[in-house]
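What follows is each chain in one-letter form.
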2 protein chains.
Amino acid sequence: MAVRRYHCDFAYLGGNEAVADVAITVDGESISAVERGVVPASGDARLAGLTLPGFANAHSHAFHRVLRGRVERPGDFWSWRDEMYAVAAVLDPDLYRRLARAVYAEMVLAGYCAVGEFHYLHHAAGGRRYADPNEMGLALFDAARDAGIRLTLVDTCYLERAPGEPAEGVQERFSDGDVATWASRVEALTGSPPRGGARVGAAAHSLRAVPPSAAGEVAAWAGAHHVPFHVHVSEQPGENDAVVAAYDAPPVALLAAGGALGPATTAVHATHLGPEGARTLGASGTTVCMCPTTERALADGIGPAYTLAEEGSPIALGTDSHAVVDPFEEARALELDERLASGLRGRFSAAALLNAATAAGHRAIGWPEAGRLESGAPADLVTVALSSVRLAGAARGTLLEHVVFAAGAPDVTDVVVSGRHVVAEGRHLLIEDVASDLGRVIDDVVRAAGNG
Amino acid sequence: MAVRRYHCDFAYLGGNEAVADVAITVDGESISAVERGVVPASGDARLAGLTLPGFANAHSHAFHRVLRGRVERPGDFWSWRDEMYAVAAVLDPDLYRRLARAVYAEMVLAGYCAVGEFHYLHHAAGGRRYADPNEMGLALFDAARDAGIRLTLVDTCYLERAPGEPAEGVQERFSDGDVATWASRVEALTGSPPRGGARVGAAAHSLRAVPPSAAGEVAAWAGAHHVPFHVHVSEQPGENDAVVAAYDAPPVALLAAGGALGPATTAVHATHLGPEGARTLGASGTTVCMCPTTERALADGIGPAYTLAEEGSPIALGTDSHAVVDPFEEARALELDERLASGLRGRFSAAALLNAATAAGHRAIGWPEAGRLESGAPADLVTVALSSVRLAGAARGTLLEHVVFAAGAPDVTDVVVSGRHVVAEGRHLLIEDVASDLGRVIDDVVRAAGNG
């Protein structure tokens, strides 16, 4: 790729305010220069509005997107899970690739430049291995490459239905049987040159589905391979109860005892923690990935985001079930739900929310160099138009607040990912009609699941 | 206006599902026929996507729109109120009219066909009367007419800073001094032919600002004039505390004792009620107008919407502070916040949420004939495109759920208000550039307030 200079009306370069007239030079996949207060030059590509660093979606289950709008009937988290399993049961590598490609394209349109896919749909029905046992993961590599998003495949170890009970039904597709078998499969991925620049991470699904000792082994494997380690933690009270009943301690304490916490670890959700759990996560420097739009949709509850941040945990954000794919709504929900729980406003500043959605999220999924507009970083640029009626009245001094609290995915006009211009004028440049493709593959999945 | 027939790909005619191929004939301001399963005829105006009844915004303070994005710093409800008062202090009839016109236009673009303006900014600085003491209210009539929205001017009685303490500072602009003076001013409005088809309602601001006996008098006045009565109830714990300290009972009990509750009354917010308060409101048939996006933005908390509905209160919805102007987001927030509070999903169906946002809201602001697609109703049609990536995968059987849970104001393409086509292809037909007009008037207000 050649050198190209973008002229941004406004750009966010850190701190608490946006800067006017910023020139960003992109050389290949990286930013080579950032200049402030620059007059546009002929030959510059103009980015009108406010240009932000790329958003990172730190927790995704691509296939859950099928459920949007189809599961809004009475029930709880567990009845939702039954419907999710019905979708998981029918995906094969081709359908999975087509679905993930369209879902990732929806993400890029919304401003996400990288996604951490918490991937546990490894095997065929009954746990039968595909010819290449990584066929499902490789489908995700292809999907991300075709959609123009950077992927971290957070390859997830899943062993049990509940503590001491074997995986059953569709869960047989998730399980490698034991950690050693999981690890040797993942090593086949990390050993070969990564497809399309994707990276690999490791996860234990949860302590409901992976015994604490096994989770510790997965974390140790991640440490030895210098990749991130993720784990679902305390999303639901029922999950906590099952873990305490089996192992006499709540998930955070067990993870701490097993050496699975620390700056390379991301605890996903962390909704139902006691003060002790928040202190332990914070003190260890474990990142917490909140998924506020999913936690609201699934009736999980409001996690102690502010307490965790105060205790020392970086906060990242994920769209998880994709009930909503909108980094602005996800970011402001962190603060807005904190307001509902605390009665106080402004505990997370707009800048803190942006940091969670960009730099902290990228670091959590193994791209610590991304999520900031500075020389040497991957050239991820996300431009938000300021011309919509939602943003009318936006003032220079509070541009960040306007955009974080009132913008939405439809306001994103341009997205550059690793130097490649993937979205322009709100249209995906690699996929002609994302909505049609996504609709078609969802229809196919639903038909296969017999719900259509 | 002539007779015109619209052909809707899908329309919501009540019940739990949308209907395909609906023809709606509009004669003047009203619907004269609704036919199902009709082939499009030449001469029909086609409405692609899903056509819904008009949304009613049952609680609005138009001037709060200035604060969007400008108040996202640490604080609580009361510090936010200081900033709101700074804006209220500088509005004159001309500025108020320009601001409300643009804010109402933003509402129509989002699908609102009627708005209940909870209007208490009556007088000039220091409480000085304008030449016509209704000059500010008349400015709102003009604003609504120019924006193409139906208005109910909910003229609000405001008397005190706190129980027993006179209105002070900007509050002097709100106060008529006593109920009799308030009533004679409002009678000058209701006595003359309404401008632009607007209607009038009555309100007591709250029991913090109006003593219970006076609130009862306002309610009685409303009853005698057959107009709706509105009152802010228990938005904040501090408001409850002040009322209990002064009058030895919480707001709902005092309103009940004063005869101010019933099917013509709308209690706004009702966030901090005990079980007794919810029972009393429900048993009286009082409508509760929830404002979920505002209650989240202002850290008010989550009101007991489901309990109230179970006890017998119709639920209406309002955008209140206009942190968000989006009837879809407002409607789903009722259910989503209930999920956060209860841990259960699906307590309000998509149809129940739509009803709150349309028919119940219209009834609360004195348009009981509106909010449904049926012969004889005002011809309000709101069409939502199904082509966005947000709605990809929407299925015929769950179209309502998709639209209520995943659509947004940017998906609204057409809005017909009382037979007049006000929005087409997402553009306002009466105001060329709503966003620019709104931005300009907000700049003017902020400059006048000395914060610019």
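Residues numbered from 1 in each chain as written. Chains lettered and ligands numbered in written order. Predicted model: local features only at pLDDT ≥ 70, side-chain atom pairs only at ≥ 80, totals over all residues. Heavy atoms only, no water.

Asks: How would you summarise the domain arrangement of chain A if you had to cite specific residues and measurements?
Replies: All names here are of chain A. Each domain of chain A was delimited in the assignment, giving domain 1 (4–53 + 381–417) and domain 2 (55–364). For domain 1 and domain 2, the distance between their C-alpha centroids amounts to 30 Å. Taken together, the contacts link 21 residues of domain 1 with 22 residues of domain 2. When domain 1 packs against domain 2, the two sides together hide about 1600 Å² of surface, and 74% of this comes from carbon and sulfur. Where domain 1 touches domain 2, the interface holds 0 salt bridges. (Domains from an automatic or database assignment. Contact = heavy atoms within 4.5 Å. Buried area = accessible area lost by both parts, 1.4 Å probe. Salt bridge = Lys/Arg side-chain N within 4 Å of Asp/Glu carboxyl O.)

Asks: Requested: an account of the interface of chain A and chain B, with residues and values cited.
Replies: Every contact between the two is made by 48 residues of chain A and, on the other side, 47 residues of chain B. Roughly 4300 Å² is buried in total at the junction of chain A and chain B, and carbon and sulfur atoms are behind 55% of that figure. At the junction of chain A and chain B, the tally comes to 6 salt bridges. The closest approach of N and O atoms between Arg345 of chain A and Glu72 of chain B, which form a salt bridge, is 3.8 Å. At the surface where chain A touches chain B, the tally comes to 20 residue pairs in polar contact (both at pLDDT 80 or more). Sorting the residues of the side of chain A that touches chain B by element identifies α1 (77–88), α2 (93–110), α9 (292–297), α11 (327–342), α13 (399–406) and α14 (434–448) of chain A as the ones contributing at least two each. Here the side of chain A that touches chain B is composed, by residue class, of 23 nonpolar, 11 polar and 14 charged. (Polar contact = N/O pair within 3.5 Å; in protein donor to acceptor, adjacent residues only side chain to side chain. Helix = DSSP H or I, 4+ residues; strand = E, 2+ residues; numbered from the N terminus. Nonpolar A, V, L, I, M, F, W, Y, C, P; charged D, E, K, R; others polar.)

Asks: Help me get a handle on the environment of Gly285 of chain B, residues and values and all.
Replies: All names here are of chain B. With respect to the element layout, Gly285 can be found in the loop between α8 (275–284) and β13 (287–290). Between the C-alpha atom of Gly285 and that of Asp320, which follows or precedes it by 35 residues, the distance is 22 Å. Apart from residues no more than four positions distant in its own chain, Gly285 is found in contact with Gly262, Pro263, Gly312 and Pro314.

Asks: Let's hear about the pattern of salt bridges: which residues, and what values?
Replies: All names here are of chain A. Overall, the coordinates contain 50 salt bridges over all chains when judged by the stated rule. Between Asp44 and Arg5 there is a salt bridge, and its shortest N-O distance comes to 2.9 Å. Separated by 39 residues along the polypeptide, Asp44 in the loop between β3 (30–36) and β4 (45–53) and Arg5 in strand β1 (residues 3–11) bring together distant segments of the chain. Exposure remark for Asp44: the relative accessible area of 18% places this residue in the buried category. (Buried < 20%, exposed > 50% of the residue type's maximum accessible area, 1.4 Å probe, protein only.)

Asks: Let's hear about the pairing of strand β12 (residues 265–269) of chain A: which residues, and what values?
Replies: All names here are of chain A. The buried count for β12 comes to 5 of 5 residues, which makes it a mostly enclosed element. As paired strands, strand β11 (residues 229–233) and β12 are joined by 5 bridges and run parallel to one another. Among the inter-strand pairings, His230 is bridged to a residue of β12, identified as Thr266. Relative to strand β13 (residues 287–290), β12 is paired through 3 bridges, and the arrangement is parallel. Paired with Val268 across the bridge in β13 is Cys289. For the crossover that starts at β12, traverses helix α8 (residues 275–284) and ends in the parallel β13, the hand is right-handed. (Pairing = 2+ DSSP bridges. Right-handed = clockwise from strand over helix to strand, strands pointing away.)

Asks: Describe the pairing of strand β5 (residues 55–60) of chain B, naming the residues involved and giving the relevant values.
Replies: Residue and element names in this part refer to chain B. Of all 6 residues in β5, 6 are buried; the element is thus mostly enclosed. Pairing analysis gives 4 bridges linking β5 to strand β6 (residues 112–119), with the strands arranged parallel. Following the sheet pairing, Ala56 is matched in β6 by Ala114.

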